[in-house]
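# Fold and geometry: a report
Letter by letter, the chains look like this.
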Amino acid sequence: MKIIGSRLVLIDASSLLYRSFYGLKPLTTSQGQKVQAVYGFFKSMRQIFDSYQPSCVALVWDKGDSGRKIIYPDYKKNRQAAPSDLLEQRHTIQTICDSIKIPQVGVAGFEADDVI
């Protein structure tokens, strides 16, 4: 695929995190730290870079409850709270992305897909 010009890719990081966490079998380091979401997240990021060759990438995260619950009070009513190891892996992903200078944004009261 030949790509001409600049290309911005915005990634729904929250969705990619959940997909990576629940879509892969549990993976752990030799110290017992769970890392399947970290592995899946960066594997997907690599595929995005290889496929689209973006000149700029930004991660967009959910930030707080969205206004969707106002419109539809039962929105995500049956969803369980995120497991602590998912939140730990999110923190790891965000730390790595900060260290390699991938911009990360979120808007309070909005989900990532709404921001995008």
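Residues numbered from 1 in each chain as written. Predicted model: local features only at pLDDT ≥ 70, side-chain atom pairs only at ≥ 80, totals over all residues. Heavy atoms only, no water.

### Observations regarding the side chain of Ser44
Within the fold, Ser44 resides in helix H2 (residues 36-52). Once residues lying within four places of it in the same chain are set aside, the contact partners of Ser44 are Leu16 and Arg19. (Helix = DSSP H or I, 4+ residues; strand = E, 2+ residues; numbered from the N terminus. Contact = heavy atoms within 4.5 Å.)

### What to know about the sheet that holds strand S1 (residues 8-12)
The 3 strands are arranged S1-S2-S3 in an open sheet whose pairing can be described as parallel. This sheet does not close on itself; its edge strands, each paired only once, are S1 and strand S3 (104-105). Relative to strand S2 (residues 56-60), S1 runs parallel, the two sharing 5 bridges. Counted as the bridge partner of Leu8 is Cys56 from S2. (Pairing = 2+ DSSP bridges.)

### Describing helix H4 (residues 84-99)
Residue pairs spaced three or four apart in an α-helix point in one direction, given the helix's 3.6 residues per turn. Compared with the 22 Å implied by 1.5 Å per residue over 16 residues, the 23 Å span of H4 between its first and last C-alpha is a close match. Every buried residue belonging to H4 is among Asp85, Leu86, Gln89, Ile93 and Cys97, and all of these are buried. Take H4 and look down its axis: the buried residues cluster within an arc of 115°, on one side only. Across from the buried face of H4, at angles greater than 90 degrees, the exposed residues are Ser84, Glu88, His91 and Ser99. The inward-facing, buried residues of H4 contact helix H1 (13-23), H2, S2 and S3. Downstream of H4 by one or two residues, Lys101 has phi in the positive range, about 65°. (Expected span 1.5 Å × (residues − 1). Buried < 20%, exposed > 50% of the residue type's maximum accessible area, 1.4 Å probe, protein only. Arc of directions from axis to C-beta.)

### A word on the packing of H2 against H4
What describes two packed helices is the angle between their axes and the distance between those same axes. Packing of H2 against H4 brings their axes to within 8 Å, and their N-to-C directions diverge by 40°. One element, H2, and the other, H4, form an angle in the oblique class. Helix-helix and strand crossings are classified by hand; for H2 and H4 the assignment is right-handed. Of the residues in H4, those touching H2 at Gln36, Ala37, Val38, Phe41 and Phe42 are Gln89, Thr92, Ile93, Ile96 and Cys97. Taken together, the residues of the contact of H2 with H4 break down into 7 nonpolar, 3 polar and no charged. (Axes fitted to C-alpha atoms, helices over the stretch in contact; angles between N-to-C directions. Parallel < 35°, antiparallel > 145°, perpendicular 65-115°, else oblique. Left-handed = near helix turned anticlockwise from the far one by under 90°. Nonpolar A, V, L, I, M, F, W, Y, C, P; charged D, E, K, R; others polar.)

Any functional reading would require information beyond the geometric quantities listed.
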